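Spelled out, the chains give:
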Amino acid sequence: MSGRADFPDGFRWGAATAAYQVEGATDAGGRVPSIWDTFVRRPGAVLNGDTGDVAVDHFHRFREDVGIMGDLGLTAYRFSVAWPRAHASGEGGLAFYDRLVDALLDAGIEPWPTLYHWDLPQELEDAGGWPSRDTALRFADFAARAHQVLGDRVTNWLTVNEPWCAAFLGYASGDHAPGRRDPGDALLAAHHLMVGHGLAVQAMRAQRPGNRFGAAVNLYAVSPASDSEADVDAARRVDGLQNRFFLDPLLLGRYPEDVLADLERFGFAPPDADLAVINQPIEHLGINYYSRHTVSGDPDSAPQAASSPFAEHSPWVGSDHVRFPSTGRPVTGMGWEIDPSGLTEVLVRLHREYPAVDLCVTENGAGYQEEPSNGTVHDPERIGYLDGHLRACHDAITAGVPLRGYFTWSLLDNFEWAWGYSRRFGLVHVDYATLRRAPKDSARWYAEVIRRGGLGDRG
């Protein structure tokens, strides 16, 4: 689509990171081990020795990084608070975030902390992890402590990030920490992540009722590969477990009946009282969007797209027969198909089918493997990806969606979970040997978008 795309006044222009991916300093300040510290060192790990021990040293270099944010004109920065740091005795474990928040505010940048971005303290995993309801209670305690320290200066909070990944990649397929493969435990983990969200919102709101709370969920537009009965049912199942399994409890106070039927054989029967806890009033909902799912229910269908690497152990509990055939769309360096229209579809669906709540795109970006050339990183593919998805956001706003902000993933190249350092999502290139930062062409492009308050005519 051609033409200008001007965004409303007050629209938040941000970038995002997560603690284990950028901070490093894993033994500083009394920090305790997380499930990712353990996972990357497990026997048979396929990360080529990559760990988050140093990552990109944001812990020590945050002032430099805040300076880069200011140069780009960011108005908001989404980061996560490492639960293993807060696990240190006393309030010293949160001292880093105290300093970070002050530096952001001094630079005129709004802090947006996320309280759980997958780094569960290992000792809580040893006690049962997210399949244990006690973990949700401990999470609420952590949330209250972080909010007590930072809530006088931080207004906007997100509780859990992408609970689908934490539960189903962590406890069903084993692709992410803690690397367990038990479908029943994965369902309990997903449920308790949502209970933890609700308990955390209750605890924080009791301290400062005027602050704003929500969660960040990873959503996909889901399409059947054909109009066959098997493919249509597969799309229903994937949409159910990926999207509605989290949106319906959060916003409607119930689980989808068809999804419960799909999962009945696993004994998943959450207490009704928990749904009232999950269904707390929230002021905003974060949407992480990267791609569209095209789904087939025929296990002998066309080969899977590279965006579906779960060949050995499926994260799709109750639907491990589903396949994700390639549609021939262009892909990122992750093998993820590029479809900006899916973002508009997700946002409009939320606006039309669920109770009104402010929305923010809290993650959106593209991973590649680019390297500097003569000291500069040219990344036209990323610019094209971001341009297309920001235009999709504008289309949603035009359709009446209350979209209040956009956070690109990511500010910095970083430790990309199970991919280690083999993929780069950052606007800013990081030389992993020297940790030198260098803004890419996409950073300069995004800075100009922010300066203009929108997108110019498409070339």
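On a predicted model such as this, the values are computed, not experimentally measured, just so you know.

Undergrad: What is the right way to look at unusual backbone geometry in this model?
TA: A negative phi angle is the norm for most residues apart from glycine, just as the trans form is the norm for most peptide bonds. A cis amide bond links Ala177 with the next residue in sequence, Pro178, at an omega value of 10°. Note that Pro178 resides in the loop between helix H8 (163–171) and helix H9 (183–207). Backbone torsion omega between Trp409 and Ser410 reads 5°, so that peptide bond is classified as cis. With respect to the element layout, Ser410 can be found in the loop between strand S11 (403–409) and strand S12 (428–430). A positive phi angle is found at Glu162, which is not glycine, with a value near 45°. Mapping Glu162 onto the fold places it in the loop between strand S5 (156–161) and H8.

Undergrad: Help me understand the nonpolar core in this model?
TA: Considering soluble globular proteins, one finds that nonpolar side chains tend to be buried as a cluster. Counting 157 residues, the largest nonpolar core has Tyr116, Phe168 and Leu285 as its most contacted members. Among the elements that take part in this core, H9 stands out by supplying 11 residues, more than any other. Look past the residues within four positions of Leu285 in its chain and what remains in contact with it is Ala215, Val217, Leu247, Leu250, Leu251, Leu350, Val357, Asp358, Leu359 and Cys360.

Undergrad: Would you take a moment to explain helix H15 (residues 441–452) for this structure?
TA: Helical geometry note: an α-helix holds 3.6 residues per turn, so side chains three or four residues apart project in the same direction. For H15, which comprises 12 residues, the first-to-last C-alpha distance of 17 Å matches the rise-based estimate of 16 Å (1.5 Å per residue) to within 8%. Each element contacted by the buried residues of H15 is listed here: strand S2 (12–16), helix H3 (58–72), helix H14 (380–398), S11, strand S13 (437–439) and strand S14 (454–455). One or two positions beyond H15, positive phi appears at Gly453, with a value near 75°.

Undergrad: Please clarify how the packing of aromatic side chains should be interpreted in this entry.
TA: Each aromatic ring pair is specified by the distance between its two centres and by the angle formed by the two planes. Evaluated as defined, the whole model comprises 39 aromatic pairs. Between Trp118 and Trp417 the ring centres are 4.8 Å apart and the planes differ by 40°, which places this aromatic pair in the tilted class. With a gap of 299 residues between them, Trp118 in the loop between strand S4 (110–116) and helix H6 (122–126) and Trp417 in the loop between S11 and S12 connect regions that are remote in the sequence. A relative accessible area of 6% means that Trp118 is categorised as buried. A connected cluster of aromatic rings, assembled from ring pairs, spans Tyr20, Trp36, Phe39, Trp118, Phe415, Trp417, Tyr421 and Tyr432.

Undergrad: Help me understand helix H7 (residues 133–150) in this model?
TA: The end-to-end C-alpha separation of H7 is 26 Å, in line with the 26 Å expected for 18 residues at 1.5 Å each. Here H7 has its buried residues at Thr135, Ala136, Phe139, Ala140, Phe142, Ala143, Ala144, Ala146, His147, Val149 and Leu150.

Undergrad: Can you help me understand the packing of H9 against helix H10 (residues 229–252) in this one?
TA: When two helices pack together, their arrangement is given by the angle between the helix axes and the distance between those axes. At a minimum axis distance of 11 Å, the contact between H9 and H10 shows a crossing angle of 30°. As summarised for this structure, H9 and H10 are arranged roughly parallel, according to the angle between their axes. Here the hand of the crossing between H9 and H10 comes out right-handed. Mapping the contact onto sequence places Leu187, Ala190, Met194 and His197 in H9 and Phe245, Phe246 and Leu250 in H10.

Undergrad: Honestly, the sheet that holds S2 in this entry has me stumped. Any pointers?
TA: Taken together, 8 strands build a closed barrel; the order of strands is S2-S3-S4-S5-S6-S8-S10-S11 and the barrel is parallel. In this sheet, neighbouring strand axes are inclined to one another by 25° on average, regardless of whether the strands run parallel or antiparallel. Where S2 meets strand S3 (residues 76–80), 3 bridges bridge the pair, whose relative direction is parallel. When the bridges of S3 are listed, Ala15 appears paired with Tyr77. Sheet strands touched by H8: S4, S5 and strand S6 (212–218). Its angle to S6, the strand with the most contacts, is close to 45°. Taken strand by strand, H14 contacts S2, strand S10 (358–363) and S11, and its axis lies near 165° from that of S11.

Undergrad: Even after reading the chapter, I still don't get the confidence of the model for the protein, so can you show me in this structure?
TA: Detail in the predicted coordinates should be disregarded across regions flagged by low pLDDT. Looking at the protein, pLDDT values average 94 and 95% of them are 70 or higher. Every residue in residues 305–311 scores below 50 in pLDDT, and together they form 12 contacts with partners more than four places removed in sequence or on other chains.

Undergrad: When you look at the pairing of S6 in this model, what are you seeing that I'm missing?
TA: For a regular strand, side-chain orientation follows a simple rule: the groups alternate between the two sheet faces. The buried fraction of S6 is high, at 6 of 7 residues. As judged from the 4 bridges shared by S5 and S6, these two strands associate in the parallel manner. Residue pairing in the sheet places Asn156 in a bridge with Arg212 of S6. In this structure, S6 lies alongside strand S8 (residues 284–288), joined through 5 bridges in parallel fashion. Looking at S8, one finds that Val217 is bridged to Ile287.

Undergrad: Is there a simple way to think about the UniProt feature "binding site: substrate" (unreviewed entry) in the protein in this case?
TA: Residues given the UniProt feature "binding site: substrate" (unreviewed entry) here are Gln21, His117, Asn161, Tyr290, Trp409, Glu416 and Trp417. Tracing the chain through its elements places His117 in the loop between S4 and H6. For His117, a relative accessible area of 2% corresponds to the buried category. Excluding its chain neighbours within four sequence positions, the residues that come into contact with His117 are Ala18, Gln21, Arg78, Ser80, Asn161, Glu363, Trp409 and Trp417. Overall, Trp417 belongs to the buried group, its relative accessible area being 4%. Those residues within four positions of Trp417 in sequence are excluded, and the remaining contacts are Ala18, Tyr20, Gln21, Trp36, Leu47, His117, Trp118 and His176.

Undergrad: Is there a simple way to think about the pairing of S2 in this case?
TA: Of all 5 residues in S2, 5 are buried; the element is thus mostly enclosed. Of the two faces of S2, the one lined by Arg12, Gly14 and Ala16 and the one lined by Trp13 and Ala15 are each fully buried. With 5 bridges connecting them, S2 and S11 associate as parallel partners. Opposite Trp13, over in S11, you have Tyr406 as the bridge partner.

Undergrad: Can you walk me through the UniProt feature "active site" (unreviewed entry) in the protein in this structure?
TA: As annotated in UniProt, the feature "active site" (unreviewed entry) corresponds to Glu162 and Glu363 in the numbering used here. A stretch of 202 residues holds the annotated residues, and the largest C-alpha distance among them is 10.2 Å, short enough that they meet in one place. Non-local contacts of Glu162, meaning those with residues more than four positions away in its chain, are made with Trp118, Ala216, Val217, Asn218, Asn288, Tyr290 and Glu363. Mapped onto the fold, Glu363 is located in strand S10.

Analysis parameters
Residues numbered from 1 in each chain as written. Predicted model: local features only at pLDDT ≥ 70, side-chain atom pairs only at ≥ 80, totals over all residues. Heavy atoms only, no water. Helix = DSSP H or I, 4+ residues; strand = E, 2+ residues; numbered from the N terminus. Core = buried A, V, L, I, M, F, W, Y, C linked by side-chain atoms within 4.5 Å. Buried < 20%, exposed > 50% of the residue type's maximum accessible area, 1.4 Å probe, protein only. Contact = heavy atoms within 4.5 Å. Expected span 1.5 Å × (residues − 1). Phe/Tyr/Trp six-rings, centres within 6.5 Å; stacked < 30°, edge-to-face > 60°. Axes fitted to C-alpha atoms, helices over the stretch in contact; angles between N-to-C directions. Parallel < 35°, antiparallel > 145°, perpendicular 65-115°, else oblique. Left-handed = near helix turned anticlockwise from the far one by under 90°. Pairing = 2+ DSSP bridges. pLDDT = per-residue confidence, 0-100. UniProt positions renumbered as here; feature names shortened; annotations may be inferred.

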